[in-house]
Amino acid sequence: MAIEELEAYRGRALDALSAVSDPASLEAWYRAHLAPSGEANTWKRSIGQQPKDERKAFGQAINEVGAALADAYAARQAAVAQAELQRRLVQEAVDVTLPARARRAGGLHPSVIALRQIADVFCQMGFTVFESPHVETDYYNFEAANMPPHHPARDMQDTFFTTDGQVLRTHTTSGQVRAMRCLGPGPIRVILPGLCYRNEDVTTRSEMQFHQVEGLLVGPTVRMSDLKGILMAYARAMFGPDQDVRLRGSYFPFTEPSVEVDIRCTLCGGDGCRVCKYTGWLEIGGAGQVHPVVLGHGGYDPAKNRGIAFGLGIERMLMLRHGIDDIRHFFRNDLRFLANFR
Ligand SMILES: [Zn+2]
């Protein structure tokens, strides 16, 4: 009687096991049957209740059932693990036939590209590059450039001041006296490229930061006519071999005489158009003969030496060359704009 019930239990347990298909229900089946509190062990504890002469055979039958369930469990466990692995392989499959994502390479900023081109042009004429600090003392930015305290020309340049009384350089002219003191007292021929900063309202025509290239020649034989030749070479390298340069009288505190530098209009070729305000000329920078006071600050005797200097706006040059109508494009980091200059 008990043996028959035991056999019926074996059938039920194996049926239940064959329905198991995932790790959670396999675990539940194990707890119900093979665990210490499971049904297979309940059978073992019932041996003592059997008639004495049947106990041996009943015990053997229970052991057989227990072994059969353990074997079936092990086989099921392996099958479930295999099925689980298959499921994960399908779920985590990678489609190797998908096209690869294109990697976009970075590029140099248009102003940096232009600075390098300009450095090439001037280096061919024997100039070297001289770097000076962006955070500058009042002395080098203003006083050494012939703008002592209370000089009205300081109002021409709205200035950013640091909390310790220094300034963000408003022009690359701040490096002139540094270059003279560092490289003098002999003749020098340098360009000073870099960012300048002005506390100005940002508009299509003006930004709080912009790149300039300053040029400086000092020596006993330097003359204003050299200035025009150098600027002509620059204009032709940047705007084409037929370019022309015009110098127009102006005022800067650090040069005497001072000139504005114009090139023939790149749009109308000099006939007159809206961009050049019907003059036929476009301004690209300022220049002049270095003021004797500035030469003195640099350690040169103005009676024996002369200097010429020029300051060229880089973004201004690029706007003219490429017909860009808004200087703010240069500092917006918009890839749609920047990618045009690779
Ligand atoms: Zn024009």
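## A closer look at the coordination of the zinc ion
The coordination sphere of the zinc ion contains the protein donors Cys-265 (SG), Cys-268 (SG), Cys-273 (SG) and Cys-276 (SG), at a distance range of 2.2 to 2.3 Å. Taken together, the four donor atoms surrounding the zinc ion define angles of 102 to 115° at the centre, an arrangement classified as tetrahedral. The motif formed by the donor residues of the zinc ion, counted along the single chain, is C-x2-C-x4-C-x2-C. Classification of Cys-265 as buried rests on a relative accessible area of 3%. Accessibility expressed as a relative area gives 15% for Cys-273, which makes it buried.

## Side note on the pattern of salt bridges
Within the structure shown, the criterion is met by eleven salt bridges. For Arg-248, the salt bridge is made with Asp-262, and the minimal N-O distance between the two is 2.7 Å. Taken together, the residues span a long stretch of sequence, with Arg-248 in strand 6 (residues 245–252) and Asp-262 in strand 7 (residues 255–264) at a distance of 14 residues. Notably, a salt bridge pairs Asp-326 with Arg-328, separated by 2.9 Å at the nearest N-O pair. Residue Asp-326 is classed as buried on the basis of its relative accessible area, which comes to 8%. Shared partners join several salt bridges into a network, and the residues in it are Arg-246, Arg-248 and Asp-262.

## A few points about the domain arrangement of the protein chain
As far as domains go, the protein chain holds domain 1 (2–91) and domain 2 (110–341). Using C-alpha coordinates to define each centre, domain 1 is positioned 92 Å away from domain 2.

## Looking at the environment of Ala-79
Checked against the element boundaries, Ala-79 lands in helix 4 (residues 55–91). Along the backbone, Ala-79 and Val-222 are 143 residues apart, and their C-alpha atoms lie at a distance of 94 Å.

What counts, and where the lines are drawn
- Residues numbered from 1 in each chain as written.
- Predicted model: local features only at pLDDT ≥ 70, side-chain atom pairs only at ≥ 80, totals over all residues.
- Heavy atoms only, no water.
- Donors = N, O, S within 2.8 Å, 3.2 Å for Na, K, Ca; no water.
- Tetrahedral: all angles 85-135°; square planar, octahedral: opposite > 155°, others 65-115°.
- Buried < 20%, exposed > 50% of the residue type's maximum accessible area, 1.4 Å probe, protein only.
- Salt bridge = Lys/Arg side-chain N within 4 Å of Asp/Glu carboxyl O.
- Helix = DSSP H or I, 4+ residues; strand = E, 2+ residues; numbered from the N terminus.
- Domains from an automatic or database assignment.

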